[in-house]
Amino acid sequence: MTTSADTISQQVSAELHGSVTIIVLGASGDLAKKKTYPALFSLYQKGYLPDDTHIIGYARTKMTIEAYHDRITHFIKIKDETTKQQLDKFKSMTTYQSGQYDQDESWQTLDTTIHQSEEQRGISPGKRNRVFYMALPPSLFVPVAKGLKKNVYAKEGLTRLVVEKPFGMDTESSNQLARELNALYSEKEIYRIDHYLGKEMVKNVMMVRFANIFFNQIWDRKYIDNVQVTFKERVGTEGRGGYFDDFGIVRDVMQNHLLQVLSLIAMERPISTDAEAIRDEKVKVLKCIPPIVLEDTLLGQYVGANGKPGYLEDDTLKNKQSKTPTFAAMTCWVQNERWEGVPFIMKAGKALDDAKVEVRVQFRNVAGSLYKGSPRNELVLRVQPQEAVYVKFNNKQPGLSYQTIQSDLDLSYHDRYKDLDIPDAYESLLLDLLRGDHSNFVRKDELEAAWKIFTPVLHEIDRQGANIDIKTYPYGSRGPEELTSFVRKYGYDRSDANYDWPIQSLSSSGNQ
């Protein structure tokens, strides 16, 4: 089933009655200029924003309208004259207002501005919808939410509140944030963004699993030995050590991004593709995962190498004896009939040898195999860069030899879909927001279930502090040298470590 551009536009217009005012809070910040505004412009280019859309940037910084327009379009690439004209029109539909986040007077002025815009656009009562996108530090979530509800809440249309991660630091702080937000807004009005849920390959997980009979039939402990979800970055903290030190790699990447991907891999089939049906199954499987223990954890921190400084050499880092992990490998277990005994290994790190995000499902060895030593089959979903789905399988080496070699069934998007524009994750999620589709946003009970998996081990790491066992690894390496033995402990077979994906040269395979 395909969805045409016209159908998508009709869905947005029907949901919002053809009009919306989008207020970007924190419009002067990096997130807004790098992600939010480029995503909004792309939606505008494709005709997905309602005709009567108006965008208002709001922040404490005082700026002229020219400075505001320059800032929000800095990361938008102008490909040709048509793009330039579209960008000029986009600028004309967005204005800026400065104000405080803790003063009723500022919020009331914003409300007046929005109301005047609604009047000027001829938006009738009942259709005066407002979307508040909080591109803000988490310390401002609740004060801003309160100010908006008291002074700027849409009384003549729909209200939607978009909240960026991090959603707390542990179960208690996350639940507190949820209580305070839900005291002000209904769960239907809140959209918690984890941008990984907007990535093309993450959205494809359900299709791969439930639209293909051959995967659906072997998706359990009888055939799958282990699952790895990997996040690798080549860069270190690079001047963001002061911020990163408050969170660490586990809170920054694993508790949210990687666990969201894992839940889609492990969940049961939902009864439909309805948003709540999908989120119900994600919550169910998260509740089957007991808290991660320190014994199933490997922590690391990068040191200087290859001309690059170590984490503790970051100028913005105040604690020069910090034990904050920049790398972590954690294994969790799904205690249900489908997955009992199958390790799910999450790995994430900065300053590594590669930049990629992928899911690697490794199947069991062939029982009674005629071809001893043949590598295991694997299904790999490459989330980034260059989206791909490929299956590693064993094949007779072409020619006179009867040697077994490993090859792949390869769906690389950049080869197969050459003229297809794959949208940025934020663009995809903003479109879901406008359509009123919660499928790829995080629900309150889902967030609580996720934190319960990580909070005990995070508290144990924090409690041990300077005594925590944290391995060092050189900048630009695979991670701590203990990583190989760590994943092997859970059954991962690296017999195909020299596999060259996706091109394989027969000349180097010993063909006789």
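Residues numbered from 1 in each chain as written. Predicted model: local features only at pLDDT ≥ 70, side-chain atom pairs only at ≥ 80, totals over all residues. Heavy atoms only, no water.

**Structural notes on the overall build of the protein**
Move 1: Looking only at helices and strands, the protein has 16 helices and 15 strands in total.
Move 2: Over its C-alpha atoms the protein spans a radius of gyration of 25 Å, differing by no more than 12% from the 24 Å that the globule rule assigns to 512 residues.
Move 3: With the principal axes as the frame, the protein shows a C-alpha extent of 80 × 55 × 45 Å.
Move 4: Burial status across the protein gives 53% buried among its 512 residues.
Move 5: The contacts of the protein with a sequence gap of at least 6 include a subset with a gap of at least 24, amounting to 78%.
Move 6: Carbon and sulfur atoms form 49% of the exposed surface of the protein, whose accessible area is close to 23,600 Å².
Move 7: Here the protein holds 66 positive side-chain charges and 69 negative ones, and the gap between their average locations is 2 Å. (Helix = DSSP H or I, 4+ residues; strand = E, 2+ residues; numbered from the N terminus. Rg over C-alpha atoms; globule rule 2.2 N^0.38 Å. Buried < 20%, exposed > 50% of the residue type's maximum accessible area, 1.4 Å probe, protein only. Contact = heavy atoms within 4.5 Å. Areas by Shrake-Rupley, 256 points an atom, 1.4 Å probe, with all protein chains shown as cover. Lys, Arg positive; Asp, Glu negative; His and termini not counted. Charge placed at Lys NZ, Arg CZ, Asp CG, Glu CD.)

**Comments concerning the sheet that holds strand β5 (residues 159–164)**
Move 1: One open sheet accounts for six strands, arranged β3-β2-β1-β4-β5-β6; its pairing is parallel. Whereas interior strands pair on both sides, the edge strands pair on one side only; in this sheet they are β3 (94–98) and β6 (190–193). Strand-to-strand twist across the sheet, computed as the mean angle between neighbouring axes with direction ignored, equals 20°.
Move 2: Sheet topology places strand β1 (residues 21–25) next to strand β4 (residues 130–134); five bridges connect them, and they run parallel. Its bridge partner being in β4, Thr-21 is matched across the sheet by Arg-130.
Move 3: Docked against the sheet, helix α14 (residues 425–435) engages β4, β5 and β6, running at close to 155° with respect to β5. (Pairing = 2+ DSSP bridges. Axes fitted to C-alpha atoms, helices over the stretch in contact; angles between N-to-C directions.)

**Overview of the UniProt feature "domain: Glucose-6-phosphate dehydrogenase NAD-binding" (unreviewed entry) in the protein**
Move 1: UniProt annotation of "domain: Glucose-6-phosphate dehydrogenase NAD-binding" (unreviewed entry) refers to residues 23–204 when read in the numbering used here.
Move 2: In residues 23–204, helix accounts for 45% and strand for 16%; the two terminal C-alpha atoms are 30 Å from one another. (UniProt positions renumbered as here; feature names shortened; annotations may be inferred.)

**Digging into the packing of helix α11 (residues 248–266) against helix α12 (residues 275–286)**
Move 1: Contact pair α11 / α12: the axes reach a minimum separation of 9 Å and the direction vectors enclose 100°. Looking at the two axes, α11 sits roughly perpendicular to α12. Facing α11, whose interface residues are Leu-259, Gln-260, Ser-263, Leu-264 and Ala-266, α12 presents Lys-282, Val-285 and Leu-286.
Move 2: Classifying every residue of the contact of α11 with α12 gives five nonpolar, two polar and one charged. (Parallel < 35°, antiparallel > 145°, perpendicular 65-115°, else oblique. Nonpolar A, V, L, I, M, F, W, Y, C, P; charged D, E, K, R; others polar.)

**What to know about the environment of Met-267**
Move 1: Residue position: Met-267 is located in the loop between α11 and α12.
Move 2: Beyond its immediate chain neighbours, meaning those up to four positions away, Met-267 contacts Met-206, Arg-209, Phe-210, Ile-278, Glu-281, Lys-282 and Val-285.

**Thoughts on the side chain of Thr-331**
Move 1: Tracing the chain through its elements places Thr-331 in strand β9 (residues 327–333).
Move 2: Note on Thr-331: relative accessible area 0%, which makes it buried.
Move 3: The residues touching Thr-331, leaving out its near neighbours within four places in the chain, are Ile-292, Asp-296, Pro-343, Phe-344, Ile-345, Phe-486 and Tyr-490.

**A closer look at unusual backbone geometry**
Move 1: The amide bond that connects Lys-165 to the next residue, Pro-166, takes the cis arrangement and shows omega of 10°.
Move 2: Within the secondary structure layout, Pro-166 lies in the loop between β5 and α7 (171–182).
Move 3: Gln-384 connects to Pro-385 through a cis peptide bond whose omega is -10°.
Move 4: Of note in this structure, Glu-238 is not a glycine but carries a positive phi near 45°.
Move 5: With respect to the element layout, Glu-238 can be found in the loop between β7 (224–232) and α10 (241–244).
Move 6: Positioned with a positive phi, Ala-351 is a non-glycine residue whose angle comes to about 60°.
Move 7: With respect to the helices and strands, the residue Ala-351 is situated in the loop between β10 (343–349) and β11 (356–363).

**As for the UniProt feature "domain: Glucose-6-phosphate dehydrogenase C-terminal" (unreviewed entry) in the protein**
Move 1: Within the UniProt annotation, "domain: Glucose-6-phosphate dehydrogenase C-terminal" (unreviewed entry) is assigned to residues 206–492.
Move 2: End C-alpha atoms of residues 206–492 are separated by 24 Å, and the span's content is 31% helix alongside 23% strand.

**Some details on the packing of aromatic side chains**
What describes a pair of aromatic rings is the distance from one ring centre to the other and the angle between the planes of the rings.
Move 1: In this structure the tally under the stated criterion is 23 aromatic pairs.
Move 2: Both rings, one in Phe-41 and one in Phe-90, keep their centres 5.4 Å apart while their planes meet at 70°; by these two values the pair is edge-to-face. Of this pair, Phe-41 sits in helix α2 (residues 30–45) while Phe-90 sits in helix α4 (residues 81–92), placing them 49 residues apart in sequence. Both residues of the pair, Phe-41 and Phe-90, count as buried.
Move 3: Here the aromatic rings of Tyr-243 and Phe-247 are separated by 5.0 Å at their centres, their planes lie at 40°, and the arrangement is tilted.
Move 4: With a relative accessible area of 38%, Tyr-243 lands in the partly exposed category.
Move 5: Ring pairing ties together the aromatic residues Phe-244, Tyr-302, Tyr-311, Phe-327, Tyr-473 and Tyr-475, which thus form one cluster.
Move 6: Between Lys-149 and the ring centre of Tyr-153, over which it is positioned, the NZ or CZ distance is 5.0 Å.
Move 7: Over the ring of Tyr-402 we find Lys-396; its NZ or CZ atom is 5.5 Å from the centre of that ring. (Phe/Tyr/Trp six-rings, centres within 6.5 Å; stacked < 30°, edge-to-face > 60°. Lys NZ or Arg CZ within 6 Å of the ring centre and 35° of its normal.)

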